[in-house]
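Summary of the model geometry
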Amino acid sequence: TGGVLLAASGSTAVARQNTPIASSPVKRFATVEELKAAADLREGEFAETTGWFTPGDGGGAIYRIEIRSSEAAPNNGDLLALGNDLVALLHESEAVNYTMFGAVGDGEADDGVPIQLAHAYASRKNIPVVHLSGEF
């Protein structure tokens, strides 16, 4: 039983490592555009979207609000430009999908850049890219 308890507590610790810890409540937004338009965001806060283009479209994600640095330019994927010299940095640690980076998936739009951004982010974080639906 001791081994089982040790294993269970170890996996809980790993799960907690990947969970964002916010000092204030997570601010929620329906879409990425709504997040970008928000004027009351502050450095260190977390924001959650329920979709990229529309709520529930599969592009929902969690972001950490940070001050824009000269080292990384916003790419409209995992680093979103906000007002007040802030950026929203994607904060996903389990898996990502193309819609989380702005891919349309209608078989007509050029989704090449969002797909490249998704794979680059997944590679940096060592997490999978999950294909939900759509023609990319």
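Residues numbered from 1 in each chain as written. Predicted model: local features only at pLDDT ≥ 70, side-chain atom pairs only at ≥ 80, totals over all residues. Heavy atoms only, no water.

**Considering the pattern of salt bridges**
Let me state the cut-off plainly: Every case where a carboxyl oxygen of Asp or Glu lies within 4 Å of a side-chain nitrogen of Lys or Arg is listed as a salt bridge. Each helix corresponds to a stretch of at least 4 residues labelled H or I by DSSP, and each strand to a stretch of at least 2 residues labelled E; elements are numbered beginning at the N terminus. We call a residue buried when its accessible area falls under 20% of the maximum for its residue type, exposed when it is over 50%, and partly exposed in between, using a 1.4 Å probe and counting protein chains only.
Scanning the model with the defined rule gives 7 salt bridges in all. Across the pair K27 and D40 runs a salt bridge, and its minimum N-O distance is 3.5 Å. Remark: D40 occurs in the loop between α2 (32-37) and β2 (46-49) and K27 occurs in strand β1 (residues 27-29); sequence separation between them is 13 residues. Accessibility expressed as a relative area gives 21% for K27, which makes it partly exposed. Through salt bridges with shared partners, one network takes in K27, D40 and E45.

**Some remarks on helix α3 (residues 112-125)**
As a reminder, the rule being used: Expected span of a helix: the number of residues minus one, times 1.5 Å. Taking the helix axis as origin, the arc is that swept by the directions to the C-beta atoms. When checking whether two residues touch, look at their non-hydrogen atoms; a contact exists if any pair is within 4.5 Å.
Across its 14 residues, α3 extends 20 Å between first and last C-alpha, which sits within 8% of the 20 Å expected from 1.5 Å per residue. Inspection of α3 places P114, L117, A118, Y121 and A122 among the buried residues, and these make up the whole buried set. Around the axis of α3, the buried residues are gathered within 130° of arc, so they sit on the same side. Facing away from the buried side of α3 by more than 90 degrees, the exposed set consists of V113, Q116, S123 and R124. Buried-residue contacts for α3 involve β5 (86-90). Phi turns positive, to about 55°, at N126, one or two residues after α3.

**Concerning the pairing of strand β3 (residues 61-67)**
Operational definition: Two strands qualify as a pair provided DSSP detects at least 2 bridges between them.
Note: β2 against β3, 4 bridges, orientation antiparallel. Bridge pairing in β3 places T49 opposite A61. One ladder, built from 5 bridges, connects β3 with β5; its direction is antiparallel. Paired with R64 across the two strands is L89, which belongs to β5.

**What about the environment of L90?**
For L90, the location among the structural elements is in strand β5. Measuring from C-alpha to C-alpha, the distance between L90 and A47 comes to 9.5 Å, with 43 residues separating the pair along the chain. Sequence-distant contacts of L90, defined by excluding residues within four places in its chain, comprise A61, I62, Y63, D78, V96, M100, F101 and Y121.

**Regarding the sheet that holds β1**
Strand-to-strand pairing in sheets goes through backbone hydrogen bonds, with the strands running parallel or antiparallel. Cut-off, in case you're wondering: Interaxial angle, 0 to 180 degrees, is taken between N-to-C directions of lines fitted to C-alpha atoms, where a helix line uses only the stretch in contact.
Spatially, β1-β2-β3-β5-β4 is the arrangement adopted by the 5 strands of the open sheet, whose pairing is mixed. The sheet terminates laterally at β1 and β4 (79-81), the two strands that pair on one side only. Along the sheet, successive strands turn relative to each other by an average axial angle of 30°, direction set aside. In terms of strand pairing, β1 meets β2 through 3 bridges, oriented parallel. Among the inter-strand pairings, R28 is bridged to a residue of β2, identified as E48.

**Some remarks on the environment of T49**
You can see T49 is positioned in strand β2. Measuring from C-alpha to C-alpha, the distance between T49 and F29 comes to 4.7 Å, with 20 residues separating the pair along the chain. With near-sequence residues (within four places) excluded, T49 lies in contact with F29, T31, V32, L35, G59, G60, A61 and Y63.

**Some points on the nonpolar core**
The nonpolar side chains of a soluble globular protein tend to be buried, and buried together. Test applied: We define the nonpolar core as a collection of buried residues of types Ala, Val, Leu, Ile, Met, Phe, Trp, Tyr and Cys that are connected through side-chain atoms lying within 4.5 Å of one another.
In this structure, L35, L41, Y63, L90, V96 and F101 are the most contacted members of the largest nonpolar core, which totals 25 residues. Elements with a contribution of two residues or more to this core: α2, β3, β5 and α3. Broken down by element, the residue count for this core peaks at 4 residues, all from α3. The contacts of L35, once residues within four sequence positions are left out, are F29, L41, A47, T49, Y63, L80, L82 and A88.

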